[in-house]
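Read off the chains here:
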Amino acid sequence: MDKIRFSTKIGLGTSLIVLLAAVLLTFTFSVLGTRILVDESKKHGRVQAENLALRAVDPILSADFLQLKDLVDAVRNVGSNVVYSFVQDEAGNVLAHTFSNGFPVDLLKANILPPDQKLSIRLLNNGQILIYDFAVPVRIGQSRIGTVRLGLSRTDIQQTINELLHPVLGVSLATLIVAVFLGSLFASRITRRINDLRAHAEALVTGDLMAQAAPKPTANCWEILNCKLEECAAYGDDTRPCWHTAGTRSKMRNGTTSCSRCPVYLTNSGDEIQDLAETFDYLALTLRLHLEELYEAEKAMARQQELLRTVLDSTPDHVCLLDRQGTILALNRAYAEFLGLSPTEAVGKPEETLLPEGDPLNDRSMLEVMFRSGRIVNREVQVVRNNRRLWLHVIRVPVRGASGNITSVLRTTRDITELKSYQVQLIQSQKMESLGTMAGGVAHEINTPLGIILGYAQLLLEDLPDGNPMRDDLRIIEKQTQVCKRIVAGLLDFSRQGESEMQGMCFNNSIMEVITLIRHPFELERVYIVTDLDDRMPVINGNPEQLKQVWVNLFTNARDAMPGGGVIHVRSRLMRDDGIVQLCIADTGTGISPGDITQIFDPFFSTKGVDEGTGLGLSISFGIIESHGGSIVVDSPVPLEDYPQKPADQDDIDYGPGTLFTVRLPLDCSGDDLESL
Amino acid sequence: MRFKVIYFMWALLLLPLSFWGCSNEEDSIRVDFSKRAEMTVPVQKDAITYAYLPQYSHAISYGRHKLLIEYLSKATGMAFRQVYPNTFDEHVEMVKRGEIDISFSNPLIYLRLAKLGARAFARIVEPSGKPTFSGEIICRADSPIKTLLDCRGKRWIAVDRSSAGGFLYPLGMFLENGVTPKDFSDIEFAPGPGGKQEKVVLAVFAGAFDVGSIRQGTLDLLKDKIDLDRIRVLQRTRPYPSWVYSHRKGFSEEQAKRIAGAMFALDIRRPDDAVILNTAGMRGIIPAKDEDYDPVRRLVDRIREQDGGLMP
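Residues numbered from 1 in each chain as written. Chains lettered and ligands numbered in written order. Predicted model: local features only at pLDDT ≥ 70, side-chain atom pairs only at ≥ 80, totals over all residues.

(A) Inspection of the overall build of chain B at higher detail. Each helix and strand counted, chain B has ten helices and 15 strands in total. Within chain B, the fraction of its 312 residues that count as buried is 39%. Restricting to contacts in chain B with at least 6 residues of sequence separation, those with at least 24 account for 77%. (Helix = DSSP H or I, 4+ residues; strand = E, 2+ residues; numbered from the N terminus. Buried ≥ 20, exposed ≤ 12 C-beta atoms within 10 Å, placed from the backbone. Contact = placed C-beta atoms within 7 Å.)

Below you can see the structure in the form of structure tokens.
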């Protein structure tokens, strides 16, 4: 039944209903018609019989057989379906009848009319036809003088009924044919629209959400209502009726709460199938909007994910998510690269198979502790990677699921080797500071005995005559004592950093004073100083003597780095926006090796010969600059843009990579001089 | 659910068949029409024939005299049979042929029967209580006719040429008052047989005729059929002897006496007799002689002289 096409079902249903109606009508008509006709025929027969009985009175009384015969014959002839009629006298003798060839004697007993009864009707069957036999008394007053019998053909009545039924059957058949035709037409029309709907639904299923099932509204709501409300959701939307548009559906603009009386609804609404089609369209629209929202959300999520992935992948830290068994659930690119795998390859693998045995990170027991305790664990471990000893900061954070249970552990590993080295340096600095203080104290204590030794040595020299061999010894003592005094003075300078006297001073003058002093001796050693000083004459707040010592130190070091001669390029720049003045001293010397460059400001660090330097120069310079609130940094080799120009007459000198010292000092912001700048 | 629908549809389809069944439930009786026989009316038993002059239909004749005949049969111990001549003339002919033994006729017919040898032996007491009756000339109540003389030039409908009260007596009265049949613009007789008296009244009532002549007492018969106020009795004739019983010539005198005796024994005061007498339209039966009808004979003679052949 379910496999039959819908149109066939409708057609069959319509035909069945009409057939049923036709059958019902025909049978009802047949039955009722038969009854009515039979009843009418009975009445007719009775009237005829009674009429005959009335008219037979006189002939019976006068024994006028001819008249009686005429009467019965007349009745027989007038009624086409009258089979016979005859008249009996009081005693039952047949006085006249319509039969030829004798009277059928059995007929007399077939319908005997009892006394005092006005009518008796019997259905007789003579073997050929059915006959209604009417027996009516012939009366005068209360006296019965005879009986009239009349036979009416029941078969003829049936014939009449059949003649009536034929057109009824014909009409029923014609109605059936018309109904089948119209039903099929109707069914095909209905199913065509349903098929359209089905096609639309299939289009929806296949993703075509733009398909339109319902016809466009015949007239637009804003035209019917003469509405100018352009911000209304339905305004300008001519593809669907306004009652399917959110925002206009619940509340009508003209005040009514129901669409059913709205002229727009009355104009555009259709039958149930159109309603269904419109609902389909509305469904498709809603679906489309939801899908677009979903798509947008998906894109946003992907973007977020990408961002998160980028953040994770950009960090040099090793990040990974582990489950209780130590399987990698997720990891960032840095860690994947460290493991030598792509991120996708690494996911799902047990971490212990990827890390070397004995690696401090390869710690299953720690995972177990994490899952049990639920606490964040923060550790620093030392590992060997690529034959390098590294310090790692490992943070393990338990990650809880929606139920609150720990589902995984996020482990972040950061390389803090550099930080560790800074810590070492800091410790070293602190140690040096303590050493400086102690050296200052020692120097101060030694300075006095040294002065006494020097004084006595000089007194002895004065006392000894020239040519005394003792004089040479005394001179050695004097010289070495003076060396000691210089060392002590250096140590005192190194330890006397906080005691400098600050004053406003011209930065350029401070430099030029030193250059003027050293230019000549330097040129004797083929070291040439080229100056490029900022002509805006920057003023700083500083100790002139200390700063001169710094410049002398830097120039001396530059000269020492150029034993074959070279160029020292001195450049000062006022950087007013930053509030500093910058001095760059670049040489063309041998430069500093990368291993030494981090230690050159350390006290007593020297690459020179034993007698050539104390190793305190740069340490003292560093201390002075820092006490001025400035900074000093070193670069070697010299960056290309800062490399000194080679003088035209110095072609025979070999130029090394060079060293660049950059000193930055804060400007003096207290005085009017700054304003003049 | 689907099966229920199918069952319901089958039930609807089968419903008409139940009607079909109902229509054929009438049982028929098998009758063999092939057994045929010629019918013969049994021979009439020997009985005294009694006839009522057919001034009314046979049914009325039968109805009026049935009880009387039954009474006579019982009272005399003789068999009686009422016969029904269709016309007055046939009545006379049947008496002449001896087919009617006892005649109950009007005086005029009796005169004809008497000529054939019949003899009167009894006459009735009319419902009026008298052994006589009159004829009446009637017209419409709104008619301009006031006297018999006004009837000249009018149309006259009478009962029958052989009718005593309905024609002969009024004709006699017209003649006595100087109105001859020729004075009427038209003279018609009521169409027969039967009900002729009533037809005269209805013809005048309808305006088809200006005047009508009827037997006394006829108007009472029509009181339920028409408004009698619209009929006026212009004049009534003198009374003549009432209807007469006579026996035919050659009828046994002894039997005639027994019959007469039984008739005379009827008494209106006895309930049983009263039913018989009232049904027959009389209040009693008294002895009569042929001479009682001489006034009528004379009237007839006189009319024959003047009527110009109207009398039979």
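(B) Broad picture of unusual backbone geometry. Residues and elements named next belong to chain A. Across the junction of Ser636 and Pro637, the peptide omega takes the value 0°, indicating a cis bond. For Asn101, which is not a glycine, the phi torsion comes out positive at approximately 65°. Among the structural elements, Asn101 can be located in the loop between β2 (94-97) and β3 (103-104). In this structure Asn101 comes out as exposed when scored by C-beta crowding, with 7 C-beta atoms within 10 Å.

(C) Inspection of the interface of chain B and chain A at higher detail. On the side of chain A, 35 residues touch chain B, which itself brings 33 residues to the contact. Mapped onto the side of chain B that touches chain A, the elements with two or more residues apiece are α1 (2-23), β1 (29-30), β2 (36-37) and α2 (58-76) of chain B. Of the residues that constitute the side of chain B that touches chain A, the class distribution is 18 nonpolar, six polar and nine charged. Where β3 of chain A lies against β2 of chain B, two bridges are found, and the strand directions are antiparallel. By the bridge assignment for β2 of chain B, Pro104 of chain A is matched with Arg36 of chain B. (Nonpolar A, V, L, I, M, F, W, Y, C, P; charged D, E, K, R; others polar. Pairing = 2+ DSSP bridges.)

(D) Main features of the environment of Cys506 of chain A. Residues and elements named next belong to chain A. For Cys506, the position within the fold is in strand β12 (residues 503-506). When the 15 C-beta atoms within 10 Å are taken as the criterion, Cys506 is described as partly exposed. C-alpha separation for the pair Cys506 and Met537, spaced 31 residues apart in sequence, amounts to 6.6 Å. Contact partners of Cys506, with chain neighbours within four places excluded, come to Met537 and Val539.

(E) Examining the packing of helix α14 (residues 507-524) of chain A against helix α15 (residues 544-561) of chain A more closely. Residues and elements named next belong to chain A. Running from N to C, α14 and α15 point in directions that differ by 35°, and their axes come no closer than 9 Å. Note that α14 runs across α15; the crossing there is right-handed. Here Ser510, Ile511, Glu513, Val514, Ile518 and Phe522 of α14 come into contact with α15, specifically with Pro544, Leu547, Lys548, Trp551, Val552, Phe555 and Arg559. Of the residues belonging to the contact of α14 with α15, the class tally is nine nonpolar, one polar and three charged. (Axes fitted to C-alpha atoms, helices over the stretch in contact; angles between N-to-C directions. Left-handed = near helix turned anticlockwise from the far one by under 90°.)

(F) A look at the sheet that holds β2 of chain A. If you walk across this open sheet you meet the six strands as β2(A)-β1(A)-β6(A)-β5(A)-β4(A)-β1(B), and the pairing is mixed. A strand with exactly one partner marks an edge of an open sheet, and here the two such strands are β2 of chain A together with β1 of chain B. Pairing of strand β4 (residues 120-125) of chain A with strand β5 (residues 130-140) of chain A, which is carried by six bridges, proceeds in the antiparallel orientation. Paired with Ser120 of chain A across the two strands is Ala135 of chain A, which belongs to β5 of chain A. Each of β1 (82-89), β4, β5 and β6 (143-153) of chain A is contacted by helix α1 (residues 6-55) of chain A, which is oriented at about 35° to β5 of chain A, the strand it contacts most. Sheet contacts for helix α3 (residues 65-78) of chain A: β1, β2 and β6 of chain A; angle to β1 of chain A, the most-contacted strand, approximately 155°.

(G) Looking closely at the packing of helix α5 (residues 154-205) of chain A against helix α8 (residues 272-314) of chain A. Residue and element names in this part refer to chain A. At their nearest, the axes of α5 and α8 sit 10 Å apart, and the two run at 10° to each other. With respect to α8, the axis of α5 lies roughly parallel. Contact with α5, carried on its side by Arg193, Ile194, Leu197, His200, Ala201 and Leu204, involves Ile273, Leu276, Ala277, Phe280 and Ala284 of α8 and no other residues of that element. Residue composition of the contact of α5 with α8, by class: nine nonpolar, one polar and one charged. (Parallel < 35°, antiparallel > 145°, perpendicular 65-115°, else oblique.)

(H) Geometry of the sheet that holds strand β9 (residues 155-158) of chain B. Residues and elements named next belong to chain B. Pairing within the open sheet is mixed, and its five strands lie in the order β10-β9-β11-β8-β12. Pairing within the sheet leaves two strands with one partner each, and these edge strands are β10 (186-189) and β12 (231-236). Taking each pair of neighbouring strands and ignoring which way they run, the sheet shows an average axis angle of 25°. Packing against the sheet, helix α5 (residues 164-176) makes contact with β8 (135-140), β9, β11 (211-215) and β12, and its axis sits at approximately 120° to β11. Along the sheet, helix α6 (residues 196-206) makes contact with β8, β9, β11 and β12, crossing β11 at roughly 155°.

(I) Summary view of α6 of chain B. Residues and elements named next belong to chain B. Restricting attention to buried positions, one finds in α6 the residues Lys196, Gln197, Val200, Val201, Val204 and Phe205. Check the buried side of α6 and you find it contacts β8, β9, α5, β11, α7 (218-221) and β12. Phi turns positive, to about 90°, at Gly207, one or two residues after α6.

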